[in-house]
There are 4 protein chains.
Amino acid sequence: MAHKNRIGNVFSLTSFGESHGPAVGGIVDGMPAGVRIDLEQLKHEVARRRPGQGGVTSTRHELDEVEILSGIMDGVTLGTPIGFIVRNRDQRSADYEHLKDVYRPSHADYTYQSKYGIRDHRGGGRASARETVARVVAGALAKQVLATMGITIAGKAMVSVAQIPEGDTCGGVVACEIKGVAPGIGEPVFGKLSSQLAEAMMSIPAAKGFEIGLGCDFANHLGSEVLDKWEVKDDKITTSTNYSGGIQGGISNGNDICFKVTFKPVATMMQAMEGISGDGSKVTIEPRGRHDQCVVPRAVPVVEAMAAIVVLDNVLINRAARL
Amino acid sequence: MAHKNRIGNVFSLTSFGESHGPAVGGIVDGMPAGVRIDLEQLKHEVARRRPGQGGVTSTRHELDEVEILSGIMDGVTLGTPIGFIVRNRDQRSADYEHLKDVYRPSHADYTYQSKYGIRDHRGGGRASARETVARVVAGALAKQVLATMGITIAGKAMVSVAQIPEGDTCGGVVACEIKGVAPGIGEPVFGKLSSQLAEAMMSIPAAKGFEIGLGCDFANHLGSEVLDKWEVKDDKITTSTNYSGGIQGGISNGNDICFKVTFKPVATMMQAMEGISGDGSKVTIEPRGRHDQCVVPRAVPVVEAMAAIVVLDNVLINRAARL
Amino acid sequence: MAHKNRIGNVFSLTSFGESHGPAVGGIVDGMPAGVRIDLEQLKHEVARRRPGQGGVTSTRHELDEVEILSGIMDGVTLGTPIGFIVRNRDQRSADYEHLKDVYRPSHADYTYQSKYGIRDHRGGGRASARETVARVVAGALAKQVLATMGITIAGKAMVSVAQIPEGDTCGGVVACEIKGVAPGIGEPVFGKLSSQLAEAMMSIPAAKGFEIGLGCDFANHLGSEVLDKWEVKDDKITTSTNYSGGIQGGISNGNDICFKVTFKPVATMMQAMEGISGDGSKVTIEPRGRHDQCVVPRAVPVVEAMAAIVVLDNVLINRAARL
Amino acid sequence: MAHKNRIGNVFSLTSFGESHGPAVGGIVDGMPAGVRIDLEQLKHEVARRRPGQGGVTSTRHELDEVEILSGIMDGVTLGTPIGFIVRNRDQRSADYEHLKDVYRPSHADYTYQSKYGIRDHRGGGRASARETVARVVAGALAKQVLATMGITIAGKAMVSVAQIPEGDTCGGVVACEIKGVAPGIGEPVFGKLSSQLAEAMMSIPAAKGFEIGLGCDFANHLGSEVLDKWEVKDDKITTSTNYSGGIQGGISNGNDICFKVTFKPVATMMQAMEGISGDGSKVTIEPRGRHDQCVVPRAVPVVEAMAAIVVLDNVLINRAARL
């Protein structure tokens, strides 16, 4: 469940921060007590989402030093909320002065202005991908709890556009597999595990499609072709195929949970774009700053993080399912 | 936001009911006071999801008489919760006795048993599409509020399988358009309107994919090809194309909100299926009862209902966005 | 946690119903699966809150037949939501026609009208004590789960007014003890067990004061006089006194949880009262209908029910406190 | 509504922080956009809760420099979450080494250890009154919004113990008045304004009693003595007395909202106390550190802050009450 700037119920993340403000950060509430946290591993996860890692991503050097402010003592979780901040550095806010009164195409400038009557125009403000650092920190904490339960999460980027012309961008797909989830996780009806994963993934900036198992391709098949037949393997009931993606009726069946998230191409490009000002006049926006050509590789750790948050929340809630 | 058997925050639906229990029903909390409710229109919406409406759907005759128990006086909403029930009739529970200890393939039998250690095996119990009647009742109420604001919702079924062999089933897609939503509706970050719609749609039984705007096809395009350019129309800022599906940064931009939901083929077929019993032995399940061949036409009013719940909830929450 | 017509998080009750509408009822969501429910015991609890049980309470004969509509099969909980309704009978709505445009003193008539611009004036509508039947049903279910854990709840009515003159009313106090709660239940900071109990109790109609342990009398003592000293008893750490009422820092310490709730005298009396109409003119209201002289005895099962809901919710949430 | 470390629904505070960790802080989510924030006024509120302000309070010099990290640009709220931190300084953690394995009487040491199996023993950890600084920051923000609506909140401390012996402590009462709330604020049934205020107040460290209006004294009066009679004043319907404390049926009636909170004496005293260690052996704890003799004066700004959070949340939610 998500509400405004919070996601999760028993295990939750509430986040804050504008791209060019002093810091981004968040509060992880509901972390179980007694978990030993490997901070090096956490830093590694955060580094994975950093820009400037490949030829197709931006070169802004975000140091992303995570400062943990509470909830962990001598490396072990206390059960109390974990507050954390990541200072924003290397901001070139002046790069955005020309955008103060301009709405860029396919950005959130106009929608934020419509909603709030005010917006931080610098670097996308709250609508910047910068906010995903809080997701990755919370996800890294969740992953470490899940690891103690034998649950692992692995995403991979798939880009189908063969070549991106100079100054253009492309989108793509992140496919993700969650292994080790016992049967019985997830809630029926509105709180289906697939439903919660969809919500979490579609909340990532630029996400435009979510598919579980065979996903949209289900529309092209007869029912008899896509039944997941039962088999017994290692003395456990399981399915020989996994069209369902590990979830039936909203609840895990013990098989791998497989889903895909489609991301649109980044709307900020290194070429002139046509914006509009509040009075309706067209404005040509010259390219400045540093921007990703393809968001998909950087989205992988974010997808994994959101999956970790959802799965841990549901594993914990499930402890109350039976007498 | 959804949690267990509830969806929505300021306007919410909590539902209950097993397919072969005494009744299904729900509570709509947060209905604004002073709305005149057209009960005939509500009945019409409920009738749209009833089985037995076309050659490709089941012939179970559900009367679906909705009984409103509170929250409406002399046809006008009081602002208090609206409780309602729909009695289950025409149940042929004996049709399911042979399934008491058997898990059907691609059904929720095994996952419910794993979660709760007990399940109502008759007609799918809580996991039956029967629960969607509560969604449609709540959605019909929400639609009537939205209509006073000039907001309309229309879905249509799209089935790509040309011919369904006797005893087989097929899936398909419901495409939905929401018209009349002002710019500024939806929350940033986790509570994006697209994120909430994804959650709501993926909670519908058999839903397997969700796409907003151009959706999964975004992966096949360059950024420059799918920018929504600005234009001024009727003195309002809008976009000349609508690849974004009416939502940017999670918030409505005033254009039509367009999304698609893919449904898998119904897993219950009028042909023998191979199930498994708790001890791991294979069981042949002979077809009985009455079942839909294609769920997609019946899913249309459910998709519309869920969209209405999400949009109304967000329109109401948005009243708190500014001083 | 409570929000509008719902209370509880992992175990919750959402209720509906006006006093003179067709029915009151609710949905209990989060009931653990596998609990054997004694329906006779549930009926007994509901009968305890019925009017007409003593000289000082009203003689309206509410049959209060609870109809369980879902979530229980063959007497055992399924883990799915339990929907239930109680039909309103023996309504004498005509008794209230003279109150249609009148606000009674110390009632909710004016406040509901101010909030919603409309109200059901018959018998208090949603603001009637009639709504407490849903609390008692949910509480009776919760009590049966708690009993399996060795937790019991017992309230008693204490009325200090020696004699109530003919046609007048009095208030009083319900003192309640919860026995058998293990140390460690409750959340720190905002979700303190004492905080949640206060919210639950103050939500009961006519509740005006809440005290935990020594309560308001703490203001009259020095710190050294009211320290709960430690002792070891039956090999367990406990306190020799219990000024704290079994809760320290918001979390149970294993001792009995003791609290008191003060109820005001019922504002509806069998004597003429001065009301006011919407235009500001004074109106004399002659007594009609049937009303309690003292609400306190009937409040006992309601207090116990709310305590059961809060404690069960917290016991279940606590399962997620540690790795 | 409160859940774990969060309080409020549409306007909410989530807080974090141990007394001797790096910082305490929080996230205010749901702040309406377009509110000009007076940071000097905010600092003033925070200074009011600081220890060392009078003869009867501790002399720890907390600088309490609030750092706002997001959600405000050029002094105006953006509608996005406001993250803030307050560094912990002047910590004398060594003062607490002797308490590492000891449970103090009437403290949360034992209950935290029971719940989590681990605790930060330094200065009370999460259970320290130090966490109230986050409440005051959020309350100061809420107050500034309420002021634009003509709503003011004022508490005052009332201490009945005439003289506190050297090394002892005393409790007392904070009486609070909220002026300017229009009729119609609050929710019926579980979300009563009185119920939410009770929850918020009882969540303050050391709070042990909550009373609305005449409160516990209602038990000593006949109904006819405590009716709030109607009158018309300045062309508005109001009551000539205010026994109800401004709330009827859980909803504001336009009169002043009056409530009282009783605080127990501080359990940490400047005299030897008897603690217990995990193995059950008694331990004499010699007084160290700096502690308040009477918490009541410092509790005033905290009570006001919690009232501001509750009232603003409800005023915002009320915008959705009617069509």
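Look a little higher up for the structure.
Below you will find a few notes about this structure. Quick caveat, the model's predicted, so the values are computed rather than measured.

With that out of the way, let us pick up the relation of the copies chain D and chain C. With an RMSD of 0.0 Å, the operation that places chain D on chain C is a rotation of 180 degrees combined with a shift of 0.0 Å along the axis. The superposition operator between the copies reduces to a two-fold rotation axis. Taken as a fraction of all interface residues of chain D, those also at the interface in chain C reach 99%, which identifies the copy contact as same-surface.

Looking now at the pattern of salt bridges. Overall, the coordinates contain 76 salt bridges over all chains when judged by the stated rule. Close ionic contact of R104 of chain A with D109 of chain A constitutes a salt bridge, the shortest N to O distance being 2.9 Å. The exposure class of D109 of chain A is buried, given its relative accessible area of 6%. With a shortest N-O distance of 3.5 Å, E40 of chain D and K43 of chain D are connected by a salt bridge. Residue E40 of chain D and its partner K43 of chain D are located together in helix α1 (residues 39-48), separated by three residues, close to a single helical turn. Relative accessible area serves as the criterion here: at 55%, E40 of chain D is assigned to the exposed category.

Take the nonpolar core next. F259 of chain A, F259 of chain B, F259 of chain C together with F259 of chain D are the most contacted members of the largest nonpolar core, which totals 286 residues. Each residue touching F259 of chain A, except ones within four places of it in the same chain, is listed here: V174, A175, C176, I178, L197, M201, F210, E211, I212, V303 and A307 of chain A.

Across the contact, 41 residues belong to chain D and 41 residues belong to chain A. Here chain D packs against chain A, burying approximately 3200 Å² in sum over the two surfaces, 64% of which is carbon and sulfur. For the pair chain D and chain A, the number of links is two salt bridges. Ionic pairing is found between E67 of chain D and R87 of chain A, a salt bridge with its closest N-O pair at 2.7 Å. Counting the contacts that link chain D with chain A gives eight residue pairs in polar contact (both at pLDDT 80 or more). For the side of chain D that touches chain A, the secondary structure elements donating two or more residues are β3 (12-16), β4 (23-29), β5 (66-68), β7 (76-77), β8 (82-87) and α2 (109-116) of chain D. By residue number, the principal contributor to the side of chain D that touches chain A is β4 of chain D, which donates four residues. Its residues placed into classes, the side of chain D that touches chain A shows 16 nonpolar, 15 polar and ten charged.

Here we take up the relation of the copies chain D and chain A. Mapping chain D onto chain A is achieved by rotating through 180 degrees and translating by 0.0 Å along the same axis, at an RMSD of 0.0 Å. A shared interface surface links the copies, since 100% of the contact residues of chain D are contact residues in chain A too.

Turning our attention to the interface of chain D and chain C. On the chain C side, the residues contacting the 103 residues of chain D number 103 residues. With both chains or domains summed, chain D and chain C bury close to 8200 Å², and 64% of this area falls on carbon and sulfur atoms. When the buried area of chain D at its contact with chain C is split by residue, K115, F190 and W230 of chain D rank highest and sum to 12% of it. Scanning the region where chain D abuts chain C turns up four salt bridges. Where chain D touches chain C, the interface holds 39 residue pairs in polar contact (both at pLDDT 80 or more). In terms of residues, the side of chain D that touches chain C owes the most to one element, α2 of chain D, which gives seven residues. Where strand β12 (residues 207-212) of chain C lies against strand β12 (residues 207-212) of chain D, three bridges are found, and the strand directions are antiparallel. Its bridge partner being in β12 of chain D, G209 of chain C is matched across the sheet by E211 of chain D.

The next thing to look at is the sheet that holds strand β18 (residues 273-277) of chain D. Residues and elements named next belong to chain D. Across the sheet, three strands lie side by side as β9-β18-β19; this open sheet has antiparallel pairing. Each having just a single partner strand, β9 (102-103) and β19 (282-285) make up the two edges of the open sheet. In the sheet, β9 pairs with β18 via two bridges, with the strands oriented antiparallel. For Y103, the partnering residue across the bridge sits in β18 and is I276.

Another aspect to go through is the packing of aromatic side chains. Tallying each qualifying case throughout the model produces 20 aromatic pairs over all chains. When the ring of Y103 of chain C is compared with that of Y110 of chain C, the centres are 5.3 Å apart and the planes differ by 65 degrees; the resulting orientation is edge-to-face. Each member of the pair, Y103 of chain C as well as Y110 of chain C, carries the same accessibility label: buried. Here K115 of chain A stacks its cationic end above the ring of Y116 of chain A, 5.7 Å away from the centre of that ring.

This part takes up the packing of helix α1 (residues 39-48) of chain A against helix α3 (residues 132-148) of chain A. All names here are of chain A. Their axes nearest at 9 Å, the elements α1 and α3 cross at an angle of 140 degrees. As the angle between them shows, α1 and α3 are arranged oblique. You can see that α1 and α3 cross each other, and the crossing is right-handed. Where α1 approaches α3, its residues Q41, L42, E45, V46 and R48 are matched on the opposing element by V133, V136, V137, A140, L141, K143 and Q144. Among the residues making up the contact of α1 with α3, the classes are represented as seven nonpolar, two polar and three charged.

So, how was this worked out
- Residues numbered from 1 in each chain as written.
- Chains lettered and ligands numbered in written order.
- Predicted model: local features only at pLDDT ≥ 70, side-chain atom pairs only at ≥ 80, totals over all residues.
- Heavy atoms only, no water.
- Least-squares fit on C-alpha atoms with pLDDT ≥ 70 in both.
- Contact = heavy atoms within 4.5 Å.
- Salt bridge = Lys/Arg side-chain N within 4 Å of Asp/Glu carboxyl O.
- Buried < 20%, exposed > 50% of the residue type's maximum accessible area, 1.4 Å probe, protein only.
- Helix = DSSP H or I, 4+ residues; strand = E, 2+ residues; numbered from the N terminus.
- Core = buried A, V, L, I, M, F, W, Y, C linked by side-chain atoms within 4.5 Å.
- Buried area = accessible area lost by both parts, 1.4 Å probe.
- Polar contact = N/O pair within 3.5 Å; in protein donor to acceptor, adjacent residues only side chain to side chain.
- Nonpolar A, V, L, I, M, F, W, Y, C, P; charged D, E, K, R; others polar.
- Pairing = 2+ DSSP bridges.
- Phe/Tyr/Trp six-rings, centres within 6.5 Å; stacked < 30°, edge-to-face > 60°.
- Lys NZ or Arg CZ within 6 Å of the ring centre and 35° of its normal.
- Axes fitted to C-alpha atoms, helices over the stretch in contact; angles between N-to-C directions.
- Parallel < 35°, antiparallel > 145°, perpendicular 65-115°, else oblique.
- Left-handed = near helix turned anticlockwise from the far one by under 90°.

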